[in-house]
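Structure at a glance
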Amino acid sequence: MIPQNIIEPFLKGNILQIVVLAILTGICITILGDRVSEFKKIIADSKQIIFKMVSVVMKIIPLIIFLSIVKTILVYSLDELFTIWKIIAANYISFTIIPLSMLLLISLKHNVKIRDFLREIYPACLITFTTSSGSASMPQNIEICKKKFGINENLCDFYIPLSHALCPIPSTIGIIIYIFFASEFSGLEMTIFQLIIVAFLSVQFAISTPGENGGIIATMTLLLTQFGFSLDSIGLMMASNVFIVNISGVIGIIVRDCDLYDLSRAK
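Reading the values: rules and limits
Residues numbered from 1 in each chain as written. Predicted model: local features only at pLDDT ≥ 70, side-chain atom pairs only at ≥ 80, totals over all residues. Heavy atoms only, no water. Helix = DSSP H or I, 4+ residues; strand = E, 2+ residues; numbered from the N terminus. Contact = heavy atoms within 4.5 Å. Areas by Shrake-Rupley, 256 points an atom, 1.4 Å probe, with all protein chains shown as cover. Expected span 1.5 Å × (residues − 1). Buried < 20%, exposed > 50% of the residue type's maximum accessible area, 1.4 Å probe, protein only. Arc of directions from axis to C-beta. Polar contact = N/O pair within 3.5 Å; in protein donor to acceptor, adjacent residues only side chain to side chain. Patch = residues over 30% accessible without salt bridge, like charges linked within 9 Å, V, L, I, M, F, W, Y side chains within 5 Å. Salt bridge = Lys/Arg side-chain N within 4 Å of Asp/Glu carboxyl O. pLDDT = per-residue confidence, 0-100. Core = buried A, V, L, I, M, F, W, Y, C linked by side-chain atoms within 4.5 Å. Phe/Tyr/Trp six-rings, centres within 6.5 Å; stacked < 30°, edge-to-face > 60°.

**As for the overall build of the protein**
Counting secondary structure elements, the protein contains 12 helices and 0 strands. When the helices and strands of the protein are listed from N to C terminus, the series reads α-α-α-α-α-α-α-α-α-α-α-α. Taking as baseline every contact in the protein between residues at least 6 positions apart, the subset at least 24 positions apart corresponds to 69%. Only carbon and sulfur atoms are counted for the fraction: they give 69% of the accessible area of the protein, which is about 15600 Å².

**A word on helix α2 (residues 15–32)**
Given 3.6 residues per turn, any residue in an α-helix points the same way as the ones three and four places further on. Between its first and last C-alpha atoms α2 spans 26 Å; for 18 residues at 1.5 Å apiece the expected length is 26 Å, and the two agree. Three or more residues of α2 are buried, namely Q17, V20, L21 and I29. For α2, the arc enclosing every buried residue in end-on projection is 165°, short of the 170-degree limit, so these residues lie on one face. Within two residues after α2, G33 carries a phi angle of roughly 60°, on the positive side.

**A few points about the side chain of N141**
Locating N141 in the fold gives a position in helix α6 (residues 138–147). Side chain to side chain, N141 and D257 meet in a polar contact 2.7 Å long. Aside from chain neighbours lying at most four places away, what touches N141 is A124, I160, I253, R256 and D257.

**A closer look at the environment of Q17**
Position of Q17 among the secondary structure elements: in helix α2. Take Q17: its relative accessible area is 13%, and that puts it in the buried class. Note: C-alpha distance between Q17 and P3 (14 residues apart in sequence) is 5.9 Å.

**Describing a nonpolar patch on the surface**
On the surface, I15, V19, I23, L24, I27 and I31 cluster together into a nonpolar patch covering about 550 Å² of accessible area. Positionally, I23 belongs in helix α2.

**Topic: the confidence of the model for the protein**
On average, residues of the protein carry a pLDDT of 78, and 82% of them reach 70 or more. Per-element averaging of pLDDT across the protein places helix α10 (residues 213–224) at the bottom with 63 and α6 at the top with 89.

**Describing the nonpolar core**
As a rule of thumb, nonpolar side chains are buried together in soluble globular proteins. In this structure, F117, F149 and I179 are the most contacted members of the largest nonpolar core, which totals 48 residues. Elements that contribute at least two residues to this core include exactly α4 (78–110), α5 (114–131), α6, α7 (153–166), α8 (169–185), α9 (192–208), α11 (231–241) and α12 (245–264). If we skip the residues at most four places from it in the chain, F149 touches F117, E120, I121, I144, Y261 and R265.

**Thoughts on the packing of aromatic side chains**
For the structure shown, the criterion picks out 5 aromatic pairs. Geometrically, the ring pair formed by F180 and F181 is edge-to-face, given 5.2 Å between the ring centres and 85° between the ring planes. By relative accessible area, which is 47% here, F180 ends up partly exposed. An aromatic cluster is defined as three or more aromatic residues linked by ring pairs; in this entry it consists of F117, F149 and Y261.

**Describing unusual backbone geometry**
Despite not being glycine, N111 shows a phi value in the positive range, around 55°. Mapped onto the secondary structure, N111 falls in the loop between α4 and α5. Since its relative accessible area comes to 69%, N111 is described here as exposed.

Put into structure tokens, the structure is as follows:
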């Protein structure tokens, strides 16, 4: 964690040491206050340059990933391309188990018929599936929870938008599966603890990144390349995401509404 000098972390790209230096720099600037006002101005100007650089990179990354998908299809064997279908299968298995568990929970706990529950939320699920956007169906979903399930208006208005932004369950599931198979494809020998760390950081991207899974994975590229993931493996993730993005939004609605229904009936 502690670098031998200030230059070495930047030359070797050691992210952890750079973070330590950044924290120490921030603490020292805070302590010194106005005595380093010129240095603070330099940092503020540098920040604007860095933000602009990141903005440019973020515009280029989708193109790079698309080219990686094309390269993957043209260069790799069928066995290697089979990784895409393993990712898809793993996601669909997870997407089956988790909502089914939530539906069984409210069925047993609150005597709710699963078929009737799904029939009520079907309009919101249909909007999400056809638009590939959980945000597009949010107004419809809020109205369903208020009128069909009789959930308190304030609770609906607060819980649904907040959970959509801060608890992207399908994205989190997908990210963990993506990372597991992408690390295998990249030939990285990662420990379980390292996989957990990468998954945790990637979930933070999922929370902070606007848009659906595609944008999240594009943003994750900045992180994953630092850990040695190949662009080809990220191309596989993008390719498999094409078959997942629509259904993942539907799963998010089912899980979220089940949780909200259970929360609203809590005594």
